[in-house]
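Read off the chains here:
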Amino acid sequence: DTGVSQDPRHKITKRGQNVTFRCDPISEHNRLYWYRQTLGQGPEFLTYFQNEAQLEKSRLLSDRFSAERPKGSFSTLEIQRTEQGDSAMYLCASSPTGQGTSTDTQYFGPGTRLTVL
Amino acid sequence: SQKIEQNSEALNIQEGKTATLTCNYTNYSPAYLQWYRQDPGRGPVFLLLIRENEKEKRKERLKVTFDTTLKQSLFHITASQPADSATYLCALLLYSSASKIIFGSGTRLSIRP
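Conventions adopted
- Residues numbered from 1 in each chain as written.
- Chains lettered and ligands numbered in written order.
- Predicted model: local features only at pLDDT ≥ 70, side-chain atom pairs only at ≥ 80, totals over all residues.
- Heavy atoms only, no water.
- Helix = DSSP H or I, 4+ residues; strand = E, 2+ residues; numbered from the N terminus.
- Buried < 20%, exposed > 50% of the residue type's maximum accessible area, 1.4 Å probe, protein only.
- Contact = heavy atoms within 4.5 Å.
- Salt bridge = Lys/Arg side-chain N within 4 Å of Asp/Glu carboxyl O.
- Phe/Tyr/Trp six-rings, centres within 6.5 Å; stacked < 30°, edge-to-face > 60°.
- Disulfide = S-S within 2.5 Å.

1. What about unusual backbone geometry?
Backbone torsion omega between A:Asp7 and A:Pro8 reads -5 degrees, so that peptide bond is classified as cis. Take A:Pro8: it is sitting in the loop between strand 1 (5-7) and strand 2 (10-13). If you check the backbone angles, A:Arg81 has positive phi at about 50 degrees while not being a glycine. With respect to the helices and strands, A:Arg81 occurs in the loop between strand 8 (75-79) and strand 9 (88-95). The exposure class assigned to A:Arg81 is partly exposed, which follows from its relative accessible area of 45%. The backbone of B:Lys71 sits at a positive phi, close to 55 degrees, despite the residue not being glycine. Judged by relative accessible area, which is 31%, B:Lys71 ranks as partly exposed.

2. What to know about the side chain of A:Thr82
Structurally, A:Thr82 is set in the loop between strand 8 and strand 9. When sequence neighbours within four positions are dropped, the list of residues in contact with A:Thr82 reads A:Thr13, A:Lys14, A:Arg15, A:Gly16, A:Gln17, A:Val19, A:Arg64 and A:Val116.

3. Here we look at the pattern of salt bridges
As enumerated under the stated definition, the model contains 9 salt bridges over all chains in all. Here B:Asp84 makes a salt bridge to B:Arg61, at a shortest N to O gap of 2.9 Å. You can see B:Asp84 sitting in the loop between strand 8 (72-77) and strand 9 (86-94) and its partner B:Arg61 sitting in the loop between strand 6 (56-59) and strand 7 (62-67), a full 23 residues away along the chain. Judged by relative accessible area, B:Asp84 falls into the buried class, the value being 8%. The exposure class of B:Arg61 is partly exposed, given its relative accessible area of 26%. It is possible to trace a salt-bridge network through shared partners that takes in A:Arg64, A:Glu83 and A:Asp86.

4. A look at the packing of aromatic side chains
All names here are of chain B. Per the stated rule, a full pass over the model turns up 14 aromatic pairs over all chains. Consider the rings of Phe75 and Tyr88, whose centres lie 5.4 Å apart with planes at 35 degrees: the pair is tilted. Of this pair, Phe75 sits in strand 8 while Tyr88 sits in strand 9, and the two are 13 residues apart along the sequence. Accessibility expressed as a relative area gives 0% for Phe75, which makes it buried.

5. A word on the state of the cysteines
Structurally, a disulfide amounts to a covalent bond that connects the sulfur atoms of two cysteines. Residues and elements named next belong to chain A. Going through the model one piece at a time under the given rule, you end up with 2 disulfides over all chains. Here Cys23 engages in a disulfide with Cys92; their sulfurs sit 1.8 Å apart. Here the disulfide of Cys23 and Cys92 is left-handed, its torsion about the S-S bond being about -65 degrees. Of this pair, Cys23 sits in strand 3 (residues 19-24) while Cys92 sits in strand 9, placing them 69 residues apart in sequence. For Cys23, a relative accessible area of 0% gives the class buried. For Cys92, a relative accessible area of 0% corresponds to the buried category.

Rendered as structure tokens:
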């Protein structure tokens, strides 16, 4: 399978618990992105990696959120002390580096749907 | 304030007709504008990209126009089919951050047989 994969697909947790999501990008893609999407809205940018370096973070990303990409391959997104407002679909995307507009096309995974009770 | 607006939350048209979706933006200077398709419970899928110096781009039954003066893009699906039913997202790739894409809230398109 050459697509972006995310695990788990669904997560139900109680308020105050910590959760961690994993994203495996397309293997030759250097760039990896995390987005959050709530019902009826478009995806909202959270953070971006080029290889293992986290180059940009949204101001909306509170200090309860942390993302890593330790070896420049897969990435994890952790949410500590979850709140009901964290309930959303968390999307991962990847893109290649290089020349041309193909580098600006992002390939999305299926998402992880988080429900905080 | 900066915003991206897509013309309506939902559009319902008859099979075979042309669907036209609108994307308007304010206070952005995008390098590119993109359109994505999203089906329920799935991630967005890239459809087309158009640069600021391009007026029109086509791909099979899809056509996108980009007017940087009006700050507007139109997305057309000709000879629409029920399988085209989905949410369509407009997205801007900004000069200020080559990595970040800003999405609109989407238009839900339904094609009735």
